[in-house]
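# Results of the structural survey
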Amino acid sequence: MDVILLGAPGAGKGTQAKVLEEHTGFVHVASGDLFRAALRQGTELGMLAKSYMDRGELVPDEVVIRMIIDRISRKDCDLGVIFDGFPRTRDQALALGQELLAHGRRIDYVLFLQVPDAVLLRRIAGRQTCKTCGTTYNIYYFPPKRPEICDECQGKLYQRSDDTMETARHRLGVYFAQTMPLIEYYRQQGNLIEIDGQGEISLVTETMVRALGVNNGADVEKSA
Ligand code: AMP
């Protein structure tokens, strides 16, 4: 099964995708994470992406599409993928559809995580991520037990350079202009499911798992 998590920056796509991966066994593929990994490795792709990410702009379609197609062609993606942060433009959506079709696959569901605009800004600007294990926190909504220290692994928490208030505002503008039209695109294809992205993380996960009709037995409450 191939699933897209659609929603604004700060809607909770990354958080939910990680939990859903446990529940479904499908592989979580996050374009932003792939860029950040490339940057840590100091590759040309990473450097190129950084120049766009720092400004809150989208990396050019052909670069993202190539990277994603390359990633999903790996064996671990054969059973299904949870796409997080991709597609973000119509051309990316078309390219993904064609690529999947060429392998007898299709996007089965698009889960659209809805969160009011006012909440999004606080979610982005309050986000802190663990340098070691990638767990995310929010200083307003779910702070770590000790400031700037990960509850899970005691790693150091940091704020992503594109999570400042100014860049967050710009990223939201880019989302409204370039990504929101995809909601209508997938609605017309008949596979869009709207999910209320507010409230407890575990409750949102539960709604998503129910919508997909898949659960490998993992405990939603525990893992969220
Ligand atoms: P994210 O981690 O999904 O919030 O993405 C962080 C940044 O990576 C975005 O603001 C873009 O600069 C870049 N990026 C991630 N995914 C895409 C995509 N599908 N298309 C273009 N740029 C992307």
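Keep in mind the model is a prediction, meaning the values are calculated, not measured.

### Describing the sheet that holds strand 6 (residues 136-138)
- Here we have three strands laid out as an open sheet, ordered 6-5-7, and antiparallel in their pairing. What marks the edges here is a single partner per strand, and that holds for strand 6 and strand 7 (157-158).
- Sheet analysis places strand 5 (residues 127-130) next to strand 6, joined by three bridges and oriented antiparallel. Each bridged residue has a counterpart across the sheet, and for Arg127 the counterpart in strand 6 is Asn138.

### Overview of the packing of helix 5 (residues 90-102) against helix 8 (residues 181-189)
- In contact at an axis separation of 10 Å, helix 5 and helix 8 are set at 35° when each is read in the N-to-C sense. Touching Arg90, Ala93 and Leu94 of helix 5 are Leu182, Tyr185 and Tyr186, all from helix 8.
- A class-by-class count of the residues in the contact of helix 5 with helix 8 yields five nonpolar, no polar and one charged.

### Some details on the packing of aromatic side chains
- If you walk through the whole model with that rule in mind, you get four aromatic pairs.
- When the ring of Phe83 is compared with that of Phe86, the centres are 6.4 Å apart and the planes differ by 45°; the resulting orientation is tilted. Neither residue differs from the other here; Phe83 and Phe86 are each classed as buried.
- Their ring planes at 75° and their centres at 4.9 Å tell us that Tyr185 and Tyr186 sit as a pair that is edge-to-face. Of the two residues examined, Tyr185 and Tyr186, each falls in the buried class.
- Sitting over the face of the ring of Tyr52, Arg55 holds its NZ or CZ atom 5.3 Å from the ring centroid.
- Over the ring of Tyr140 we find Arg122; its NZ or CZ atom is 4.1 Å from the centre of that ring.

### Regarding the pattern of salt bridges
- For the structure shown, the criterion picks out 15 salt bridges.
- For Asp108, the salt bridge is made with Arg106, and the minimal N-O distance between the two is 3.6 Å.
- For Asp108, a relative accessible area of 23% gives the class partly exposed.
- Arg210 serves as the salt-bridge partner of Glu206, at 3.4 Å between the closest nitrogen and oxygen. On the criterion of helical spacing, the pair formed by Glu206 and Arg210 is a turn pair, its members being four residues apart in helix 9 (residues 201-212).
- On the accessibility criterion, Arg210 (58% relative accessible area) is exposed.
- Residues participating in the shared-partner salt-bridge network are Arg127, Arg160, Asp162, Asp163 and Arg171.

About the criteria used
- Residues numbered from 1 in each chain as written.
- Predicted model: local features only at pLDDT ≥ 70, side-chain atom pairs only at ≥ 80, totals over all residues.
- Heavy atoms only, no water.
- Pairing = 2+ DSSP bridges.
- Helix = DSSP H or I, 4+ residues; strand = E, 2+ residues; numbered from the N terminus.
- Axes fitted to C-alpha atoms, helices over the stretch in contact; angles between N-to-C directions.
- Contact = heavy atoms within 4.5 Å.
- Nonpolar A, V, L, I, M, F, W, Y, C, P; charged D, E, K, R; others polar.
- Phe/Tyr/Trp six-rings, centres within 6.5 Å; stacked < 30°, edge-to-face > 60°.
- Buried < 20%, exposed > 50% of the residue type's maximum accessible area, 1.4 Å probe, protein only.
- Lys NZ or Arg CZ within 6 Å of the ring centre and 35° of its normal.
- Salt bridge = Lys/Arg side-chain N within 4 Å of Asp/Glu carboxyl O.

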